[in-house]
Amino acid sequence: PVPREYVFNLRDGQGDHLFEQIFDWEAGRLRLSYDREQEAAVLEAGTQDRLSYLLRLAEAVRNDRIDLAFAVAEPEATVPMRFRAGQRETLKLPAGTVEAVGVDCFIAGDTPDRTIWIVPEWDYVPALIERASSEGRVRMELINWEPR
């Protein structure tokens, strides 16, 4: 995947905040804006946004690739990440019980910062994401799946 832009809204105690990332591949620049403040950063080859990196991981699992490394554009900066796939586990989710492949994501060191569980049976959709936060582990899980 080669992202062009990524826009999302964050709601917190201070209100709604708009984040926007514009990928300018020709100039090699990433424009980041948060509410009305803007800054630019160098755009590393292969950088992904917060959606396209999931598509790239799903493709890696589909092709039995175990190790990957590329940058992910987070709201504040571009972050280099390493990914290692391999662990297989049965997940019991609201969407159903399935076999999934876990992909560990590393930002620094040897402890995963998040694990993304991808389900081959469901066209390699990411069905569960667990990540570390300042308040502990956060778990986001797929609640419904209907193949089309």
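Refer to the structure presented above.
Values in this document were obtained by computation on a predicted structure and should not be read as measured data.

**Q** What is the right way to look at the side chain of Asp 104 in this model?
**A** Note that Asp 104 resides in strand β7 (residues 96–106). One buried charge, Asp 104, has no salt-bridge partner; the nearest side chain with opposite charge is Arg 84, at 4.6 Å. At 3.1 Å, the side chain of Asp 104 and the side chain of Gln 87 are in polar contact. With residues up to four places along the chain from it excluded, the contact list for Asp 104 reads Arg 82, Phe 83, Arg 84, Gln 87, Pro 112, Arg 114 and Thr 115.

**Q** What exactly am I supposed to notice about the sheet that holds strand β6 (residues 78–93) here?
**A** Sheet strands pair via backbone hydrogen bonds, and the direction of the pair is either parallel or antiparallel. If you walk across this open sheet you meet the 6 strands as β5-β6-β7-β8-β9-β10, and the pairing is antiparallel. Each end of this open sheet is capped by a strand with a single partner; those strands are β5 (67–73) and β10 (136–141). The mean inter-strand angle of the sheet, taken between neighbouring strand axes irrespective of direction, is 30 degrees. Summarising the sheet, β6 and β7 pair through 11 bridges and their orientation is antiparallel. Paired with Arg 88 across the two strands is Val 101, which belongs to β7.

**Q** I'm lost on the nonpolar core in this one. Help?
**A** Nonpolar side chains in soluble globular proteins tend to end up buried together. Ranked by size, the top nonpolar core spans 20 residues in total, and within it Tyr 53, Leu 57, Phe 83, Ile 116 and Ile 118 carry the most contacts. Broken down by secondary-structure element, the contributors of at least two residues to this core are α1 (52–62), β5, β6, β7 and β8 (114–119). Here this core gets 6 residues from one element, more than from any other, and that element is α1. Ignoring sequence-local partners within four residues, the contact set of Leu 57 consists of Leu 68, Phe 70, Phe 83, Val 103, Cys 105, Ile 116 and Ile 118.

**Q** Which parts of the structure should I look at to understand the sheet that holds strand β2 (residues 15–24)?
**A** Across the sheet, 4 strands lie side by side as β1-β2-β3-β4; this open sheet has antiparallel pairing. Only two strands of the sheet have a single partner each, and these edge strands are β1 (5–12) and β4 (37–42). Each neighbouring strand pair of the sheet contributes to a mean axis angle of 15 degrees, computed without reference to strand direction. Alignment of β2 against strand β3 (residues 29–34), held across 6 bridges, turns out to be antiparallel. Residue pairing for β3: Gln 21 is matched across the bridge by Leu 32.

**Q** Could you clarify how one ought to interpret the pattern of salt bridges in this entry?
**A** Any two side chains of opposite charge can pair, on the condition that their charged atoms come close. On inspection of all chains with the given rule, the structure shows 6 salt bridges. Measuring nitrogen to oxygen at the nearest pair gives 2.9 Å for the salt bridge that ties Asp 16 to Arg 11. Of the charged contacts, one joins Arg 139 and Glu 141 as a salt bridge, the two residues approaching to 3.0 Å between their closest N and O atoms. The partly exposed category is assigned to Arg 139, whose relative accessible area is 45%. Each of Arg 50, Glu 74 and Arg 114 takes part in salt bridges that share partners, so that together they form one network.

Analysis parameters
Residues numbered from 1 in each chain as written. Predicted model: local features only at pLDDT ≥ 70, side-chain atom pairs only at ≥ 80, totals over all residues. Heavy atoms only, no water. Helix = DSSP H or I, 4+ residues; strand = E, 2+ residues; numbered from the N terminus. Buried < 20%, exposed > 50% of the residue type's maximum accessible area, 1.4 Å probe, protein only. Lys, Arg positive; Asp, Glu negative; His and termini not counted. Salt bridge = Lys/Arg side-chain N within 4 Å of Asp/Glu carboxyl O. Polar contact = N/O pair within 3.5 Å; in protein donor to acceptor, adjacent residues only side chain to side chain. Contact = heavy atoms within 4.5 Å. Pairing = 2+ DSSP bridges. Axes fitted to C-alpha atoms, helices over the stretch in contact; angles between N-to-C directions. Core = buried A, V, L, I, M, F, W, Y, C linked by side-chain atoms within 4.5 Å.

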